[in-house]
Amino acid sequence: SGRLHRYGEFSGTEPHAALLEKEYAAYVGSKYAVGVNSGGCAIFLGLKVAGVEPGDKVLVNAFNLAPVPGAITHAGGVTVLVEVDEDHRISLEDLEAKAKSSGAKVLLLTHMRGHIADMDAITRICKDNNLKLVEDCAHTMGAGWKGKFTGLFGDVGCFSTQTFKHINSGEGGILITNDDDMAAKAILYTGSYMLYGQHQSAPPPEVFERHKKHIPNFSMRMSNLVACILRPQLKEMTDRGERWNTLYNQLADRLNQIEHVDVLPREESEQFVASSIQFHVRDLSMEKIQSLSERCTERGVAIKWFGRNEPMGYTSQYHDWQYLESQHLPKTDTVLSTTCDMRIPLSLTESGCDHIAAIIHQEVRALSA
């Protein structure tokens, strides 16, 4: 029909965005889902509905990507970075210490590159320190901890459908919550005008009545076109997850046979969906790791290195976000200095895994000679 805007003033409006929200909520088992125009906007709105006000401190793991501290700054919050361990997950020790000392009201937990923290420990720390939990699940759609989907442990879960994510619409995002007031606020913040009744995954009208004149319109809606692109892909999530994990295991087995290369084992309780793989390069200088990244990329194996002194492409590290207050995280610096990252395309074959591992092996051997 050409009705790309999700709202209409007349009957007969095609509810593709509303249907996606209803279907996504059913898929993950949340009470509500709200479609937005990017994963970064989902995080921003998650922080807003969690009550973040200008000047409030927000805890977040330091191994991350730029949209995450960007969302905190967008919400007016103050980013407090938390160390990460060698397995790329948030340091529970540093989190517990900063939860007690920082005065933060919210933990924004990023399941960075699909690595899921011990969610039993995370929820305990949040409860003990009266922290709201906002989960950034941009890299863990379809993944879980002990059988429970990520995004359901916190007050809000935030997902991305940008290019390279588990379902891809170029740009897009989804927010989930089980809280009536948070859901209504999120829908109003996205820019529903007074047409929120067209949502099929939404709290009762009286909840909107409490908030509708107090919530600004940020125009962060998902369009019907994006929803149309995503709805068929949602049905493929289980098959995609199995395919990605098969490829991940094939790559991990091959990379772990290369001297100086180490893919760490995953936690038994973690049901990951591995659309990328991370590995440490041991006992080579930072100059040689950078050279490894560049030489492999020139040969068609695009390796990102998180120890770079300058941001490159999508990859940056906390030192590059100079709009934040300067913070020193020695453990994270050590972890990132050896961390390499590679996407796993679904089109990859087993012979392709062999070829990738052979190229990395050749370049590591040449640089370590």
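This text follows the structure it describes.
In short, a report on the structure.

Thresholds applied
- Residues numbered from 1 in each chain as written.
- Predicted model: local features only at pLDDT ≥ 70, side-chain atom pairs only at ≥ 80, totals over all residues.
- Heavy atoms only, no water.
- Helix = DSSP H or I, 4+ residues; strand = E, 2+ residues; numbered from the N terminus.
- Contact = heavy atoms within 4.5 Å.
- Polar contact = N/O pair within 3.5 Å; in protein donor to acceptor, adjacent residues only side chain to side chain.
- Expected span 1.5 Å × (residues − 1).
- Buried < 20%, exposed > 50% of the residue type's maximum accessible area, 1.4 Å probe, protein only.
- Phe/Tyr/Trp six-rings, centres within 6.5 Å; stacked < 30°, edge-to-face > 60°.
- Lys NZ or Arg CZ within 6 Å of the ring centre and 35° of its normal.
- Patch = residues over 30% accessible without salt bridge, like charges linked within 9 Å, V, L, I, M, F, W, Y side chains within 5 Å.
- Areas by Shrake-Rupley, 256 points an atom, 1.4 Å probe, with all protein chains shown as cover.
- Salt bridge = Lys/Arg side-chain N within 4 Å of Asp/Glu carboxyl O.
- 1 Å grid on protein atoms, 1.4 Å probe; cavity = no way out; pocket = protein on both sides within 12 Å on 5 of 7 lines; lining within 4 Å.
- Points joined across faces, edges and corners; volume = space filled by probe spheres on them.
- Nonpolar A, V, L, I, M, F, W, Y, C, P; charged D, E, K, R; others polar.
- Pairing = 2+ DSSP bridges.
- Right-handed = clockwise from strand over helix to strand, strands pointing away.

Brief notes about the environment of K31
Secondary-structure assignment places K31 in the loop between α1 (16-28) and β1 (32-36). Note: C-alpha distance between K31 and A202 (171 residues apart in sequence) is 8.3 Å. In this view, K31 contacts A25, T177, N178, D180 and S201; residues no more than four positions away in its chain are not counted. Within the structure, the side chain of K31 is placed 3.0 Å from the side chain of D180, a separation counted as a polar contact.

Looking at helix α9 (residues 237-255)
Across its 19 residues, α9 extends 26 Å between first and last C-alpha, which sits within 8% of the 27 Å expected from 1.5 Å per residue. Among all positions in α9, only M237, R240, G241, W244, N245, L247, Y248, Q250, L251, A252, R254 and L255 are buried. Tucked into the core, α9 has its buried residues touching α1, α8 (224-234), β10 (261-262), β12 (276-281), β14 (339-343) and α12 (350-368).

Details of the packing of aromatic side chains
Summed over the entire model, instances satisfying the criterion amount to nine aromatic pairs. Consider the rings of F164 and Y314, whose centres lie 5.9 Å apart with planes at 85°: the pair is edge-to-face. Taken together, the residues span a long stretch of sequence, with F164 in the loop between β8 (156-160) and β9 (173-177) and Y314 in the loop between β13 (304-305) and α11 (330-337) at a distance of 150 residues. When its relative accessible area of 52% is taken as the criterion, Y314 is described as exposed. Ring-pair connections join several aromatic residues into one group, and the members of that group are Y24, Y27, F149 and F159. The lysine or arginine in question, K148, covers the ring of F153, its NZ or CZ lying 4.6 Å from the ring centre.

Things to note about a nonpolar patch on the surface
On the surface, a cluster of nonpolar side chains totalling about 260 Å² of accessible area is made up of L4, L225 and I229. Inspection of the secondary structure assignment puts L225 in helix α8.

Things to note about empty space enclosed by the protein
This model, assessed by the stated rule, comprises one cavity of 30 Å³ or more. The computed volume of the largest cavity comes to approximately 30 Å³. The wall of the largest cavity is formed by W305, F306, R308, E310, P311, T315, S316, Q317 and D320. Tallied by class, the residues present in the lining of the largest cavity amount to three nonpolar, three polar and three charged.

Topic: the pairing of strand β2 (residues 57-61)
Judged by how many residues are buried, β2 sits mostly within the fold: four of five residues are covered. Two strands pair when backbone bridges link them, and β2 and strand β3 (residues 78-82) are joined in this way by five bridges, in the parallel orientation. Considered in β3, the bridge of N61 is made with V82. Each parallel crossover has a hand, and the one from β2 via helix α3 (residues 67-74) to β3 is right-handed. Pairing of β2 with strand β4 (residues 106-110) involves three bridges; the strand directions are parallel. Note on β4: the bridge partner recorded for V60 is L108.

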